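Inside the fold
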Amino acid sequence: MAIAKLRIAVEDPLVAQRHGLQWDSVEIDDEPFFLDGPTAAQVAIVDRDSQSGRLAPPVRWLPQRRSYAIPDDLGSPEAIAVSVFGTILETLSVFQRPDVLGHRIRWQFNSSQLLVVPRAGIWANAFYDRYSRSLQFFSFDSDDGRRIHTALSRDIVAHETGHAVVDALLPALYDALNPETLGLHEAIADLTAIVMALQSRQVRNWLVREHGGRLDGDTPVSQLATEFGWARRLNRPLRNASNSKRLDDVPPEPHRLAEVLTGAVWAAVMRLHASALERAAADAGSAPGISGASDSAGGGPEAIAGQALGISALRIARILFRTLDYLPPAEATFADYARALLRSDTIAYPADETGYRDVLRQEFVDRRIVGSLDELRHDPDTESIDVDLNDVLESDWAAYAFVERERDWLGLPRGRPFRLFPRRLVQRRYYVGGGRHEVRREMVLQVTWEHLEANDGVPASLRLPPRRAVFHGTTLVLGADPDPHGRYPVLSCLTTDRAARHAATRSETIRRLAGRGQLDVADSWQSFAARHGPLAPVAFARVADQTLRLRSTARLLHLAESD
């Protein structure tokens, strides 16, 4: 693998200036090559002048220095291009770590590279778009005349990368109708930004120096896109994970809903880290969170707090993102994420010594994500299964035959056609105690099918058909090493929640999209794109056999809500 040392923006320029943060330098060592652009195997920068629209010259790769040729001016186009490139690759490295996903990200389009446009135009926004295979970062001017580049915000870049990763792992979510599902897309993107903030040693040092190494309260970690929020005259960060919002406190808009889930997860993260601080202090025979007592390079309280933060940063990424391989692949809800998180984390760490999973469970109840603790219980109905795992992994025919045989168990209605996504064989690293780790193999199988439901409550004036098709699905995770009887352990089997309230919410979503002019019925994607352009924030709908099918609803998930 090639190695590159890349200079990236550690935080929004406004936050960095306020807290005395400099640019970070990251080393990327899991890409097979680096080329001019910047370009790597998974990511390619396509920069353009935001005024003229012309392509900018590629930034030169300097193989002897293992870096790119950028000027001293950190606001230059070259520096911006390298910064966004490095931030995306660092984010992917965290997802792909052996203790997190344990496998490479494969984009949900027919290309190995995600295209990135650091200066896509003048607009207060940024977004991921599957159909253009790209991340688009825009620039705009604040009231005081400063040019705000969304590509210079580590939060925003990590957030949009999170969207691309979710689409790679759970592609059917891109066509979801439930605003809670789209809110889940947003929440995971926000949690990605939080995790990436904690990867920065500078940010961790600031937390130790100014905040005693704690995560509670408002900090540069919990506050997301601060400069963007203030420049948009919100007088606050765009979003904040440190909140007490409940599901019944917010309107059914994905960005607003996302804060409920991030708030619940962040509460447990704070509990987890508080326990890490207490344990580190106890092991060192010192009091936690005392700053200023010694240099952080020594063995005093600052060093203890810094080490605890580093450990917590690793644990948090594992807890939050390994969940993605366990989620139902279609119309997943916050409750589904809660069940998947608790299940995947229990498999990884059976003993919850710090009690953070109990905090999570209570947060999910208190925030009305579930009605009771019983709704969070998820133990597969079957402990193990007899299957030729290698055959299922290697052969589409064998995989389809397996799903056909296990329809009832997988929740797949009889006679309904279904789609299988490529199976994933992953190798995850697990901690087994005593400072020891072991690698375990798992197979992830995702199956989706169309569920037909009535378009109840949709006004006749919209002239839509009487029914609609939405995707439902099941994600099955098997341990890939057989037991002595040749059977494979069932680690998880989660199916789309079919509660009636979700159907009512989907009807409301259709009404809202149609009322905003964000739903257009077309004969094909080609005719739709010709009418609206490739990046228009409009959902594509098609009617066949008196059935409405909505696609690409996640294209509406820009960084900020539509004005």
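Residues numbered from 1 in each chain as written. Predicted model: local features only at pLDDT ≥ 70, side-chain atom pairs only at ≥ 80, totals over all residues. Heavy atoms only, no water.

**Notes on the overall build of the protein**
Scanning the protein from N- to C-terminus turns up 15 helices and 23 strands. Relative to the globule expectation of 24 Å for 563 residues, the C-alpha radius of gyration of the protein, 23 Å, shows essentially globular dimensions. Summarising its shape, the C-alpha atoms of the protein cover approximately 65 × 60 × 50 Å along the three principal directions. A sequence separation of at least 24 residues applies to 64% of the contacts in the protein between residues at least 6 apart. (Helix = DSSP H or I, 4+ residues; strand = E, 2+ residues; numbered from the N terminus. Rg over C-alpha atoms; globule rule 2.2 N^0.38 Å. Contact = heavy atoms within 4.5 Å.)

**Some points on the nonpolar core**
If you look at the biggest cluster of nonpolar residues, it comprises 130 residues, and the most contacted ones within it are Leu320 and Tyr337. Counting residues per element, this core draws most heavily on helix 7 (residues 254–284), at 12 residues. Core analysis: the second largest hydrophobic core is formed by 22 residues, Phe418, Leu476, Tyr488 and Val490 among them. (Core = buried A, V, L, I, M, F, W, Y, C linked by side-chain atoms within 4.5 Å. Buried < 20%, exposed > 50% of the residue type's maximum accessible area, 1.4 Å probe, protein only.)

**Re the packing of helix 4 (residues 179–199) against helix 9 (residues 334–348)**
Two elements in contact, helix 4 and helix 9, have axes whose closest approach is 9 Å; the angle formed by their N-to-C orientations is 50°. It follows from the interaxial angle that helix 4 and helix 9 lie oblique. Taken together, the residues of helix 9 that come into contact with helix 4 (itself represented by Glu180, Gly183, Leu184, Ile188 and Leu191) are Phe334, Ala335 and Tyr337. Of the residues assigned to the contact of helix 4 with helix 9, the class counts are 6 nonpolar, 1 polar and 1 charged. (Axes fitted to C-alpha atoms, helices over the stretch in contact; angles between N-to-C directions. Parallel < 35°, antiparallel > 145°, perpendicular 65-115°, else oblique. Nonpolar A, V, L, I, M, F, W, Y, C, P; charged D, E, K, R; others polar.)

**Focus: helix 5 (residues 201–211)**
Side chains that are three or four residues apart share a direction in an α-helix, a result of its 3.6 residues per turn. All of the buried residues in helix 5 are Val203, Arg204, Trp206, Leu207, Val208 and His211. The inward-facing, buried residues of helix 5 abut helix 1 (13–19), helix 4 and helix 8 (301–321). By the N-cap criterion, in which a side-chain oxygen at the helix start approaches the backbone nitrogen of a residue two or three places on, helix 5 is capped by Ser200, the distance to Gln202 being 3.3 Å. Downstream of helix 5 by one or two residues, Gly212 has phi in the positive range, about 65°. (Polar contact = N/O pair within 3.5 Å; in protein donor to acceptor, adjacent residues only side chain to side chain.)

**What to know about the pattern of salt bridges**
All chains considered together, the criterion is met by 44 salt bridges. The salt bridge involving Glu210 is made with Arg209; its shortest N-O contact spans 3.4 Å. In this structure Glu210 comes out as partly exposed when scored by relative accessible area, which is 48%. With relative accessibility at 41%, the residue Arg209 sits in the partly exposed group. (Salt bridge = Lys/Arg side-chain N within 4 Å of Asp/Glu carboxyl O.)

**Notes on the pairing of strand 20 (residues 488–495)**
For strand 20, the tally of buried residues reaches 6 of 8 residues, placing the bulk of the element in the interior. Across 5 bridges, strand 19 (residues 467–479) lies against strand 20 in antiparallel orientation. When the sheet's bridge partners are listed, Thr474 is paired in strand 20 with Thr495. (Pairing = 2+ DSSP bridges.)

**So, the environment of Tyr131**
Locating Tyr131 in the fold gives a position in the loop between strand 9 (126–129) and strand 10 (134–137). Expressed as a C-alpha distance, the spacing of Tyr131 and Pro417, which sit 286 residues apart in the sequence, is 25 Å. Apart from residues lying up to four places away in sequence, Tyr131 is in contact with Tyr174, Trp525, Ser552 and Arg555.

**With respect to unusual backbone geometry**
Here the amide bond leading from Gly37 into Pro38 is cis, since omega sits at 0°, within 30 degrees of zero. Summarising the element assignment, Pro38 is placed in the loop between strand 3 (34–35) and strand 4 (39–40). Look at Arg463: it is not a glycine, yet its phi comes out positive at around 55°. Residue position: Arg463 is located in the loop between strand 18 (436–454) and strand 19. Phi is positive for Gln546, which is not a glycine, with a value near 60°. Within the secondary structure, Gln546 is located in the loop between strand 22 (539–544) and strand 23 (547–551).

**Considerations on the side chain of Ser395**
Here Ser395 shows up in the loop between helix 11 (389–394) and helix 12 (396–405). Polar side-chain contacts of Ser395 include one of 3.2 Å to the backbone nitrogen of Trp397.

**Describing a nonpolar patch on the surface**
Taken together, the side chains of Val46, Leu55 and Leu115 make up a nonpolar region of the molecular surface, amounting to roughly 250 Å² of accessible area. Locating Leu115 in the fold gives a position in strand 8 (residues 114–117). Overall, Leu115 belongs to the partly exposed group, its relative accessible area being 31%. (Patch = residues over 30% accessible without salt bridge, like charges linked within 9 Å, V, L, I, M, F, W, Y side chains within 5 Å. Areas by Shrake-Rupley, 256 points an atom, 1.4 Å probe, with all protein chains shown as cover.)

**Some points on the packing of aromatic side chains**
Applying the stated criterion to the full structure yields 17 aromatic pairs. Taking the ring centre of Tyr430 as reference, the NZ or CZ of Arg322 above it sits at 4.5 Å. The ring centre of Tyr430 lies 4.3 Å from the NZ or CZ of Arg440, which sits over that ring. (Phe/Tyr/Trp six-rings, centres within 6.5 Å; stacked < 30°, edge-to-face > 60°. Lys NZ or Arg CZ within 6 Å of the ring centre and 35° of its normal.)

**With respect to the layout of surface pockets**
Roughly 900 Å³ of internal volume is contained in the largest pocket. Lining the largest pocket are 31 residues, with Arg279, Ile311, Arg315, Tyr349 and Tyr431 sitting closest to its centre. Secondary-structure elements contributing two or more residues to the lining of the largest pocket are helix 7, helix 8, helix 10 (356–366) and strand 17 (424–433). At 8 residues, helix 8 tops the list of elements feeding residues into the lining of the largest pocket. When the residues that make up the lining of the largest pocket are grouped by side-chain class, the tally is 16 nonpolar, 5 polar and 10 charged. Of the pockets and cavities examined, the second largest pocket occupies roughly 510 Å³. For the second largest pocket, the lining is made up of 21 residues, of which Ile105, Arg106, Trp107, Ala168 and Pro422 are closest to its centre. Those elements that provide at least two residues to the lining of the second largest pocket are helix 3 (154–169) and strand 17. Tallied by class, the residues present in the lining of the second largest pocket amount to 9 nonpolar, 7 polar and 5 charged. (1 Å grid on protein atoms, 1.4 Å probe; cavity = no way out; pocket = protein on both sides within 12 Å on 5 of 7 lines; lining within 4 Å. Points joined across faces, edges and corners; volume = space filled by probe spheres on them.)

**Re the packing of helix 7 against helix 10**
One way to put it is that helix 7 packs onto helix 10 with a least axis distance of 8 Å and a crossing angle of 155°. Viewed along their axes, helix 7 and helix 10 adopt a mutual orientation that is roughly antiparallel. For helix 7 against helix 10, the interelement crossing comes out right-handed. Counting all contacts with helix 7, which are made through Leu261, Gly263, Ala264, Val265, Ala267, Ala268, Arg271 and Leu272, the residues of helix 10 involved are Tyr356, Val359, Leu360, Glu363 and Phe364. Of the residues that constitute the contact of helix 7 with helix 10, the class distribution is 10 nonpolar, 1 polar and 2 charged. (Left-handed = near helix turned anticlockwise from the far one by under 90°.)

**Concerning the environment of Phe138**
With respect to the helices and strands, the residue Phe138 is situated in the loop between strand 10 and strand 11 (139–141). Taking relative accessible area as the criterion, Phe138 reaches 10% and is therefore assigned buried. Note: C-alpha distance between Phe138 and Leu35 (103 residues apart in sequence) is 24 Å. With residues near it in sequence (within four places) discarded, Phe138 still touches Ala120, Gly121, Ile122, Trp123, Asn125, Ala126, Phe127, Ile148, His149 and Thr150.

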